[in-house]
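The chain contents come next:
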Amino acid sequence: MINSNDVRRIAMSLPETAEKEAWSMPTFRVAGKMYLTVPDDETSIAVRCPKHERTELIAAEPEKFWVPPHEASSSWVRVRLAALEDLDELRDIIMDSWRQAAPERLTGEGTG
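Summarised in this report is the structure supplied together with it.

### A few points about the pattern of salt bridges
- Enumeration over the complete set of coordinates arrives at seven salt bridges.
- One salt bridge connects Glu19 with Arg8, and the closest N-O pair in it is separated by 2.9 Å. Pair noted here: Glu19 is in strand 1 (residues 17-22) and Arg8 is in helix 1 (residues 4-12), with a separation of eleven residues, a long-range link.
- Arg78 is the salt-bridge partner of Asp40, the closest N and O atoms lying 3.2 Å from each other. Of this pair, Asp40 sits in the loop between strand 3 (33-37) and strand 4 (44-48) while Arg78 sits in strand 6 (residues 76-80), placing them 38 residues apart in sequence.
- Where salt bridges share partners, they join Asp40, Glu71 and Arg78 into one cluster.

### Side note on the nonpolar core
- Of all hydrophobic cores here, the largest spans 25 residues; its most connected members are Val7, Tyr35, Leu36, Ile45, Leu90 and Ile94.
- Elements with a contribution of two residues or more to this core: helix 1, strand 2 (25-30), strand 3, strand 4, strand 6 and helix 3 (87-101).
- Ranked by the residues each element gives to this core, the list is headed by helix 3, at six residues.
- In this structure Leu36 touches Val7, Ala11, Pro26, Thr27, Phe28, Ile45, Ala46, Val47, Trp76 and Ile94, once residues within four positions along its chain are discounted.

### Section: the packing of aromatic side chains
- Applying the stated criterion to the full structure yields zero aromatic pairs.
- The ring of Trp66 carries the charged tip of Arg80 above its face, separated from the ring centre by 4.2 Å.

### Points about the pairing of strand 2
- Buried residues dominate strand 2, accounting for six of its six residues.
- Along strand 2, one buried face is formed by Met25, Thr27 and Arg29 and the opposite face, lined by Pro26, Phe28 and Val30, is buried too.
- The pairing of strand 1 with strand 2 spans six bridges and is classified as antiparallel. Each bridged residue has a counterpart across the sheet, and for Glu21 the counterpart in strand 2 is Pro26.
- Between strand 1 and the antiparallel strand that follows it, strand 2, lie two residues; Trp23 among them carries a positive phi value of about 55 degrees.
- Bridge count for strand 2 against strand 3 is four bridges, and the pairing is antiparallel. Its bridge partner being in strand 3, Arg29 is matched across the sheet by Met34.
- Remark: two residues form the turn of the hairpin made by strand 2 and strand 3, two consecutive strands paired antiparallel; Ala31 in that turn has positive phi of roughly 50 degrees.

Calculation criteria
- Residues numbered from 1 in each chain as written.
- Predicted model: local features only at pLDDT ≥ 70, side-chain atom pairs only at ≥ 80, totals over all residues.
- Heavy atoms only, no water.
- Salt bridge = Lys/Arg side-chain N within 4 Å of Asp/Glu carboxyl O.
- Helix = DSSP H or I, 4+ residues; strand = E, 2+ residues; numbered from the N terminus.
- Core = buried A, V, L, I, M, F, W, Y, C linked by side-chain atoms within 4.5 Å.
- Buried < 20%, exposed > 50% of the residue type's maximum accessible area, 1.4 Å probe, protein only.
- Contact = heavy atoms within 4.5 Å.
- Phe/Tyr/Trp six-rings, centres within 6.5 Å; stacked < 30°, edge-to-face > 60°.
- Lys NZ or Arg CZ within 6 Å of the ring centre and 35° of its normal.
- Pairing = 2+ DSSP bridges.

Here's what the structure looks like:
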């Protein structure tokens, strides 16, 4: 079963990631921008997600994705770890959030 140790291992493998405690929970940042938190009882994670994509994710897989009422106005989505298929899916979700926060020099996006 996927757990917070898997989350931490994947997050810390990404370039220039730093772990910092905030709001009494682990948060992960790249270039000072937060891209991942492990809230509450560590059964879920919160990741960056544009609002228009978030709505589609929740509609398609409500057992996996949701947004608590206090985060409704943010561009974050929660992910239930137990609902993930495997570590590859977890890595894809974390990588997508990391790319949204990372500077272009790390992602290679915007070059070409």
